[in-house]
Amino acid sequence: MGLMRMFLENLAFRLPGILVCVAGIIVAIIKWRSAKAAAILVLFACLTTILLSLVMAGAYPCVQYFREASSAPYENIRSIMLMIRGLDALIGIVPPVLLLVAAFIGRKKTPLE
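A few points on the structure. (Residues numbered from 1 in each chain as written. Predicted model: local features only at pLDDT ≥ 70, side-chain atom pairs only at ≥ 80, totals over all residues. Heavy atoms only, no water.)

The next point concerns helix α3 (residues 74-92). Here α3 spans 26 Å end to end across 19 residues, near enough to the 27 Å set by a 1.5 Å rise per residue. Taken together, the buried positions of α3 are I77, M81, I84 and D88. Considered in projection along α3, the buried side chains sweep an arc of 60 degrees and stay on one side of the axis. α3 presents M83, A89 and L90 as exposed residues on the side facing more than 90 degrees away from its buried surface. Buried residues in α3 make contact with α1 (3-30) and α2 (36-69). (Helix = DSSP H or I, 4+ residues; strand = E, 2+ residues; numbered from the N terminus. Expected span 1.5 Å × (residues − 1). Buried < 20%, exposed > 50% of the residue type's maximum accessible area, 1.4 Å probe, protein only. Arc of directions from axis to C-beta. Contact = heavy atoms within 4.5 Å.)

Put into structure tokens, the structure is as follows:
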């Protein structure tokens, strides 16, 4: 299976999340003047998610291609995949944290607090 086909198949699974991020970017641009700090965080979160989706959609096919093209031991390939998954998990936690911060940044305290 070709690299491009594998990339597109992986990207297809990530497409719904990418589309949500595109919508988030549009909303952040629309709300820029009224909630600048939150809009910046949402923009950064959405752009990070899109970039991570594209990189990870390409990383897995590249490792698969490397595995098929080389005589590297299975353990080496497994270690590479674990590192990629670990980076995906570590970097993937950033956007939700930014969105949580964006949800509450710049809010005024209510009299009940």
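On to the pattern of salt bridges, then. One pass over the full model with this rule turns up three salt bridges. Salt-bridge contacts for E9 lead to R5; the nearest nitrogen and oxygen are separated by 3.2 Å. With E9 and R5 both in helix α1 and four residues apart, this pair spans about one turn of that helix. One salt bridge in this structure joins D88 and R14, with 3.7 Å as the shortest N-O distance. Of this pair, D88 sits in helix α3 while R14 sits in helix α1, placing them 74 residues apart in sequence. For D88, a relative accessible area of 17% gives the class buried. (Salt bridge = Lys/Arg side-chain N within 4 Å of Asp/Glu carboxyl O.)

Quick look at the nonpolar core now. One finds I25, A28, V42, C46, I50 and A102 to be the most contacted residues of the largest nonpolar core, which totals 16 residues. Elements with a minimum of two residues in this core: α1, α2 and α4 (94-104). Per-element accounting of this core gives the leading share, nine residues, to α2. Leave out the neighbours within four places in its chain, and V42 touches G24, A28, L99 and A102. (Core = buried A, V, L, I, M, F, W, Y, C linked by side-chain atoms within 4.5 Å.)

Below, the discussion takes up the packing of α3 against α4. Remark: α3 packs on α4, axes separated minimally by 5 Å, with the N-to-C direction vectors making an angle of 5 degrees. Between α3 and α4, the crossing angle belongs to the class labelled roughly parallel. Note on element contacts: α4 touches α3 through V94, P95 and P96, opposite L90, I91 and G92. Partitioned by chemical class, the residues of the contact of α3 with α4 number five nonpolar, one polar and no charged. (Axes fitted to C-alpha atoms, helices over the stretch in contact; angles between N-to-C directions. Parallel < 35°, antiparallel > 145°, perpendicular 65-115°, else oblique. Nonpolar A, V, L, I, M, F, W, Y, C, P; charged D, E, K, R; others polar.)

This part takes up the environment of I26. Within the secondary structure layout, I26 lies in helix α1. Along the primary structure I26 and A72 are separated by 46 residues, whereas in three dimensions their C-alpha atoms are 45 Å apart.

Here S53 shows up in helix α2. Every residue in contact with S53, bar those within four places of it in the chain, is listed here: R14 and I18.

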